[in-house]
Amino acid sequence: MGAERVERRLMAILAADVAGYSRLVGADEEDRLAQWKAHWRTVIDPKIQEHSGRVVRITGDGLLAEFASVVAAVRCAIEVQRAMSARNADVPKEKRIEFRMGINVGDIILDGTDMWGDGVNVAARLEALAEPGGICVSSRVQEDAQGKVNVAFEDTGEQQLKNIARPVRVYRVQFEGTANARPLLQLPHKPSIAVLPFNNMSGDAEQEYFADGIVEEIITALSRLRWLFVIARNSSFTYKGRAVDVKQVGRELGVPLCA
């Protein structure tokens, strides 16, 4: 008897979840649930339908949706995030519902109304990399959407995603002119420096801790110089494992570059 035929389809997949959901619910479960339902009814569901998407599944803190068009998926995500940014403008930060979103395009396995496969898994991992109110996409999504949507894409380099065998090049959507854009820090009034994470060139994963330790020692030593403004480790290490533009990093961290 032959094996059951598996139905596959090439789709754009959007994964989203609520940042800090457990903390929000723990603070006021009924109020947060009412907020979530209001956002779903007035923003999320209408936008998915407007861009011809289909909701595959809804969890307590997120959702999975499919789109036949990559551009439609990206436009939907952008419009939802911008609408959420506007809705959150007058809401105290500790009470805001902010979504993280990931978009991938790939071959998926259909199982009734549900879907599975690497394409779905990558979208979920991209979502986990996104900042609250942000969107991360795979390189294939970026290639298809570039020039067709009114946002820029920041190349964060190849990332090793959890339970994904191959590295995935990840792009972060840049919301120019909106509350979602990463704020640029004010330049300090004294000489400043940021020590970025070192790359482990040895090929030995255990040396990663050694490389990070050296950077931390350098930051600690420089911090003892009172006339020097040193960017904290927590800020500089957000660039770990990413291909970055040094000028852009300087602007974001408030560290001017000398010619």
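## Considerations on the environment of Pro197
Point 1. Looking at the element boundaries, Pro197 is found in the loop between strand 9 (192-193) and helix 6 (207-223).
Point 2. Beyond its immediate stretch of four places on either side in the chain, Pro197 contacts Val215, Ser236, Phe237 and Lys240.

## Considerations on helix 3 (residues 70-87)
Point 1. Here helix 3 is 18 residues long and its end C-alpha atoms lie 26 Å apart, about the 26 Å a rise of 1.5 Å per residue gives.
Point 2. Among the residues making up helix 3, those that are buried are Val70, Val71, Ala72, Ala73, Val74, Cys76, Ala77, Ile78, Val80, Gln81, Met84 and Ser85.
Point 3. Two to three positions downstream of the cap, the backbone nitrogen of Val71 sits 3.3 Å from a side-chain oxygen, assigning the N-cap of helix 3 to Ser69.

## A look at the side chain of Gln142
Point 1. Take Gln142: it is sitting in helix 5 (residues 139-145).
Point 2. On the basis of relative accessible area, Gln142 is assigned to the buried category, the value being 12%.
Point 3. Not counting the four nearest positions on each side in its chain, Gln142 is found in contact with Val137, Phe153 and Tyr171.

## Description of the environment of Pro132
Point 1. Here Pro132 shows up in the loop between helix 4 (118-129) and strand 6 (135-138).
Point 2. Distance from Pro132 to Ile97, taken between C-alpha atoms, is 8.9 Å for residues 35 residues apart in sequence.
Point 3. Excluding its chain neighbours within four sequence positions, the residues that come into contact with Pro132 are Ala19, Glu98, Phe99 and Arg100.

## What about unusual backbone geometry?
Leaving glycine out, the prevailing phi sign among residues is negative, and the prevailing peptide bond configuration is trans.
Point 1. For Ser52, which is not glycine, the phi torsion reads 60° and is therefore positive.
Point 2. Topologically, Ser52 is positioned in the loop between helix 2 (29-50) and strand 2 (54-58).

## Observations regarding the nonpolar core
Point 1. Ile44, Leu63, Phe67, Val74, Ile103, Ile135 and Phe153 are the most contacted members of the largest nonpolar core, which has 37 residues in total.
Point 2. Of all the secondary-structure elements, those providing two or more residues to this core are strand 1 (8-18), helix 2, strand 3 (62-67), helix 3, strand 4 (99-111), strand 6, helix 5 and strand 8 (168-174).
Point 3. The element that contributes the greatest number of residues to this core is helix 3, accounting for ten residues.
Point 4. Membership of the second largest hydrophobic core comes to ten residues, among which are Met11, Ala15, Ile108 and Met115.

Reading guide: rules and limits
- Residues numbered from 1 in each chain as written.
- Predicted model: local features only at pLDDT ≥ 70, side-chain atom pairs only at ≥ 80, totals over all residues.
- Heavy atoms only, no water.
- Helix = DSSP H or I, 4+ residues; strand = E, 2+ residues; numbered from the N terminus.
- Contact = heavy atoms within 4.5 Å.
- Expected span 1.5 Å × (residues − 1).
- Buried < 20%, exposed > 50% of the residue type's maximum accessible area, 1.4 Å probe, protein only.
- Polar contact = N/O pair within 3.5 Å; in protein donor to acceptor, adjacent residues only side chain to side chain.
- Core = buried A, V, L, I, M, F, W, Y, C linked by side-chain atoms within 4.5 Å.

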